[in-house]
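Okay, here's what each chain looks like letter by letter:
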Amino acid sequence: VEEDTWKVIDPHGTSALLCDFENPDSIHKNGIFNRGGTFSTWPKTSRTHSGSISAVIRGDKGMTSSIYTDFFHVLNYKSLEIVFWYSYSRFNGNDEFAVEYRTNGNLEIWTTANVFTRKNEEDGTRYSNGPWYEGNVQIDTSDIEYVSLRWRCAANADYKRLYLDDVTIIGVPNSLINNITSTQTMERKDSSFSDFEDAYP
């Protein structure tokens, strides 16, 4: 990802990379995102946070059940805040997904930034199949030059799906202080759809 791909969003130099999945380059590439394999795709669907396309990941097949970004330059940023919207389909209490990252061109080692499940162990909140939720993950990048992000599904059956949409990656400049937190909140909006409406390759 080139440096000029970042969009400055405030006077302090905070910048962002945006992806709404609406204009895929191919079945394998969508902006800065790549399909991990046959268990991930970005079809047209009625289940989106906005627009008509969302990313869909299913099952628990490692890289195959994931989408991941190109490496991008973060040397000018103290931290990244990743904001995205997600929706569970037929997940149960044992299913989860992870947001992970790898650094400085290392293709083999993924570090877990946060794991999302249908139950928040800290406060007991339960998240349902169907509605859209906001995910927020922050990563300290003060000692990182390049980073790649991955969303990996870990559901115990291939028909269980995770929908992702409207991903914003915010680079917080070195001059600003950022606390490391991870949260998930529910958006108040009606969600009506069929769990079986989308076909997979």
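This report concerns the structure included in the present document. (Residues numbered from 1 in each chain as written. Predicted model: local features only at pLDDT ≥ 70, side-chain atom pairs only at ≥ 80, totals over all residues. Heavy atoms only, no water.)

1. Some thoughts on the packing of aromatic side chains
Definition in use: Between the rings of Phe, Tyr and Trp (Trp by its six-membered ring), a pair exists once the centres lie within 6.5 Å; its type follows the angle of the planes, with under 30 degrees stacked, over 60 edge-to-face, and the other angles tilted. Segments assigned H or I by DSSP are reported as helices when at least four residues long, segments assigned E as strands when at least two residues long, and all are numbered from the N terminus. A 1.4 Å probe rolled over the protein chains alone gives each residue an accessible area, and that area as a share of the maximum for its type sets the label: buried under 20%, exposed over 50%, partly exposed in between.
According to the stated counting rule, one finds 15 aromatic pairs in the structure shown. Both rings, one in Phe21 and one in Trp42, keep their centres 6.2 Å apart while their planes meet at 20°; by these two values the pair is stacked. Separated by 21 residues along the polypeptide, Phe21 in the loop between β2 (15–19) and β3 (29–30) and Trp42 in the loop between β5 (40–41) and β6 (55–58) bring together distant segments of the chain. Judged on exposure class, the residue Phe21 and its partner Trp42 are both buried. For the ring pair Phe33 and Trp151, a centre distance of 5.5 Å and an interplane angle of 55° mean the geometry is tilted. A residue pair is termed long-range when its members are at least 10 positions apart, and Phe33 in strand β4 (residues 33–35) and Trp151 in strand β13 (residues 146–154) qualify at 118 residues. These aromatic residues form a ring-pair network of at least three members: Phe21, Phe33, Trp42, Phe84, Tyr86, Tyr88, Phe91, Phe97, Phe116, Tyr127, Tyr133 and Trp151.

2. Observations concerning the environment of Glu145
Selection rule: The contact criterion used is simple: two residues touch if any of their non-hydrogen atoms lie within 4.5 Å.
Counting through the fold element by element, Glu145 comes out in the loop between β12 (133–140) and β13. For Glu145, a relative accessible area of 35% corresponds to the partly exposed category. Remark: the alpha-carbon pair of Glu145 and His73, spanning 72 residues in sequence, is separated by 5.9 Å. Ignoring anything within four residues of it in the chain, the contact list for Glu145 reads Phe72, His73, Val74, Leu75 and Asn104.

3. Looking at unusual backbone geometry
Only a minority of non-glycine residues have a phi that is not negative, and only a minority of peptide bonds are not trans. In this model, Arg90 sits at a positive phi of 65°, which is unusual for a non-glycine residue. Structurally, Arg90 is set in the loop between β9 (77–89) and β10 (96–103). The phi torsion at Asp166 lies on the positive side, around 50°, for a residue other than glycine. The residue Asp166 is located in strand β14 (residues 161–173) in this model.

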